[in-house]
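Spelled out, the chains give:
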Amino acid sequence: MDLNKKEGDYQTLWEGALKQLRSELSEQEFHIWFQQIRYLHSNVHSITISVPSNFYRDQIYHRYLPQIEKYLKEISETDISVNFEIEKASTPSKKRNSKTEAPITDVSHREIVKNTGLNPEYTFENFVMGDNNRFAANAAIAVSHNPGMVYNPCLIYGRVGLGKTHLLQAIGNYILTHAGEKKNKIIYITAENFINGFIQSIQENKTHLFKNKYRTANVLLIDDIHFLQKKHETQEELFHTFNALFELRKQMVFTCDRPISDIKDITERLQNRFTRGLSVDLQPPKTETAIAILQNKSNRLSVNVPEEVITYICQSITTNVRDLEAALTQVVAYSDLINQPISLAIAKQQVSEFFHIPNQKSISIDEIQRAVAEYFNVTISDLKGKRKNKKIILPRQTAMYISYDITETSMTDIGLEFGGRDHTTVVHACQRIKAHIHSDPSYEVIIQNIRKLLNKKS
Ligand code: ADP
Ligand code: MG
């Protein structure tokens, strides 16, 4: 295949490789691991795909990557590596165009969904209510029944993996299927894409188109607004969009990974706007709700998972719903792989194997910096400072990588913790370390050793 360096070619290449892989796996196995994987972008020698979590990344990396790269090479006749990006939220159109998507029965809904970037699985029907999320879910339902009328804006906040994106998109999906004339301009977008779109419109001298697009929305859903930190021009633009839509009583819903008051470097007037309506928070589910969520999930996957297995997973994993789902997926996939019925023994083994490192989410970046400095025998100010010699760059990048991997801190905040660096530096550091591990797998062992060091200290 002749690669013209066009995005489309690489996407076709990626899909070709997946197709080959698919023919080697059971339908269920393929579905479990690749249903949520999306092609993102590429450059000459690499393709970047998005995965739902670190867990998927590690699994795909170990189980399937060599095979995938082999197929990529066969088809393209050159070496192409695969990079992973953890999905922060959906990447609109590409997401629904992927050939690996789950079947959607309702064709007309699929057409509309294609244009909005909404994932049709994120509905209120698929959202299990419990004490941890009832208030937020009811607010979201109220908003979708009367867009623009009750709580405007509505702000949903909570840590990663607790269902913010699900609820936000459920509002969009509900309005799409129920509110006739309003469905024309429902915009779902991540703050990151909003920022990038705005920057691009400036570069191309098309800000009027950008403004027009958002200021004429009937419903505007913006995911992960914490990414607006430090983005002053975009904040300004959103402030005016907000005012225009608010005047017209158009519904706005935002999500954020922390209370608005904890966002650094955002103008006060925009902060005020975000909290002008109703703010609701999401908490991790308690065991009973977690069990209901996994039962619901296994029904949707059409697999029979014994009750004791679900209970075990829910008692062992208490971080968030995304991790719960990942553990269930792992157990189901592994049983399928070894062709055995799903059992408590398998669950115990798999959960301990893949979550063997105790919950490190509570470890701070400070602690990581200390452990890394100790391990490499450099100082913490070396890690935060500007010196650029080799001896320091690797530890610094490693510390950033571990921070991103095991804490719930955004790249932006990690950058701030490392001497006020830009988030792109963190992105770059993570890529470098991943590439390093890729070319020298023993580096993974080093990372694991540092993580063990962290465990001993905490
Ligand atoms: P966030 O945006 O807060 O990081 P997501 O909305 O992406 O989290 O949720 C992570 C995963 O957990 C998704 O697959 C979502 O469908 C699922 N999930 C979260 N909460 C619930 C719930 N109450 N019921 C069913 N699924 C849930
Ligand atoms: Mg999200």
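A brief structural summary.

The rules behind these values
Here the residue index of a chain counts from 1 through its sequence in written order. Naming scheme: in the order in which they are written, chains are lettered from A and ligands are numbered from 1. In view of the model being predicted, local features appear only for residues whose pLDDT reaches at least 70, and side-chain atom pairs are presented and counted only at 80 or more, with totals across whole chains, interfaces and linings using the full set of residues. Only heavy atoms go into the side-chain values, all of them from the structure, while hydrogens and water stay out. For the purposes of this entry, the term helix denotes a DSSP run of H or I that reaches at least four residues, the term strand denotes a run of E that reaches at least two, and both are numbered from the N terminus. Think of it in three bands: residues with accessible area under 20% of the maximum for their type are buried, residues over 50% are exposed, and the middle band is partly exposed, with areas taken using a 1.4 Å probe on protein chains only. In this analysis, two residues are considered to be in contact whenever any of their non-hydrogen atoms come within 4.5 Å of each other. Surface exposure here means Shrake-Rupley accessible area, sampled with a 1.4 Å probe, where a residue is shielded only by the protein chains that are shown. Here, strands pair whenever DSSP counts at least two bridges between them. Axes, fitted as lines to C-alpha atoms, cover a helix only where it is in contact. Angles between the N-to-C directions of the axes lie from 0 to 180 degrees. Note on definitions. A residue lies near a molecule or strand when any single heavy atom of the residue is within 4 Å of it. The term polar contact refers here to a pair of N or O atoms within 3.5 Å; inside protein, the definition further demands a hydrogen-donor-capable atom paired with an acceptor-capable atom, and it admits residues adjacent in sequence only when both atoms are side-chain atoms. Patch criteria: residues need more than 30% relative accessible area and no salt bridge. Like-charged residues are merged within 9 Å; nonpolar side chains of Val, Leu, Ile, Met, Phe, Trp and Tyr are merged within 5 Å. Think of a salt bridge as a Lys or Arg side-chain nitrogen and an Asp or Glu carboxyl oxygen that are within 4 Å of each other.

Let us look at the overall build of the protein chain. Along the protein chain, the regular secondary structure elements total 22 helices and 8 strands. In the protein chain, which comprises 458 residues, the proportion classed as buried is 51%. Within the protein chain, residue pairs in contact and separated by at least 24 positions form 74% of the contacts whose partners lie at least 6 positions apart. Within the structure as shown, the protein chain displays about 21,100 Å² of accessible surface, and the carbon and sulfur contribution to it stands at 50%.

With that out of the way, let us pick up unusual backbone geometry. Apart from glycine, the bulk of residues carry a negative phi angle, and the bulk of peptide bonds sit in the trans form. With an omega of 0 degrees, the peptide bond running from Asn152 to Pro153 counts as cis. The topology assignment puts Pro153 in the loop between helix 7 (134–145) and strand 4 (154–157). Phi at Glu77 is positive, roughly 60 degrees, even though this residue is not glycine. Here Glu77 lies in the loop between helix 4 (65–76) and strand 3 (81–86). For Glu77, a relative accessible area of 64% puts it in the exposed group. With a phi angle near 60 degrees, Asn339 is a residue other than glycine that sits in the positive phi range. On the secondary structure map, Asn339 appears in the loop between helix 15 (321–337) and helix 16 (344–354).

On to the sheet that holds strand 3, then. If you trace the 3 strands from one edge of the open sheet to the other, you get 1-2-3, paired in mixed fashion. Every interior strand has two partners, whereas the edge strands, strand 1 (38–43) and strand 3, have only one. Geometrically, the sheet is characterised by an average inter-axis angle of 30 degrees between neighbouring strands, direction not taken into account. Taken together, the 5 bridges between strand 1 and strand 2 (residues 46–51) define a ladder with antiparallel strand orientation. In the sheet register, Tyr39 faces strand 2, and the bridge partner there is Ile49. Seen against the sheet, helix 4 touches strand 2 and strand 3 and runs at an angle of roughly 130 degrees to strand 3.

This part covers the site of ligand 1. Among the 17 residues in the neighbourhood of ligand 1, the closest are listed as Val128, Gly161, Thr165, His166 and Glu325. In this structure, an oxygen atom belonging to ligand 1 sits 3.1 Å away from a main-chain N or O atom of Gly163. Lys164 is positioned such that a nitrogen or oxygen atom in its side chain is 2.8 Å from an oxygen atom of ligand 1. For ligand 1, whose free accessible area comes to 550 Å², the fraction covered by protein is 94%.

Among the secondary structure elements, Gln235 is positioned in helix 11 (residues 232–247). Since its relative accessible area comes to 1%, Gln235 is described here as buried. The contact partners of Gln235, leaving out residues within four places of it in the chain, are Leu228, Gln229, Lys230, Asp265, Ile266, Thr267 and Leu270.

Taken together, Met149, Val150 and Tyr151 make up a surface patch of nonpolar side chains, about 280 Å² in accessible area. Tracing the backbone shows Val150 in the loop between helix 7 and strand 4. According to the relative accessible area criterion, Val150 is partly exposed, its value standing at 42%.

Read these as geometric descriptors, not functional statements.
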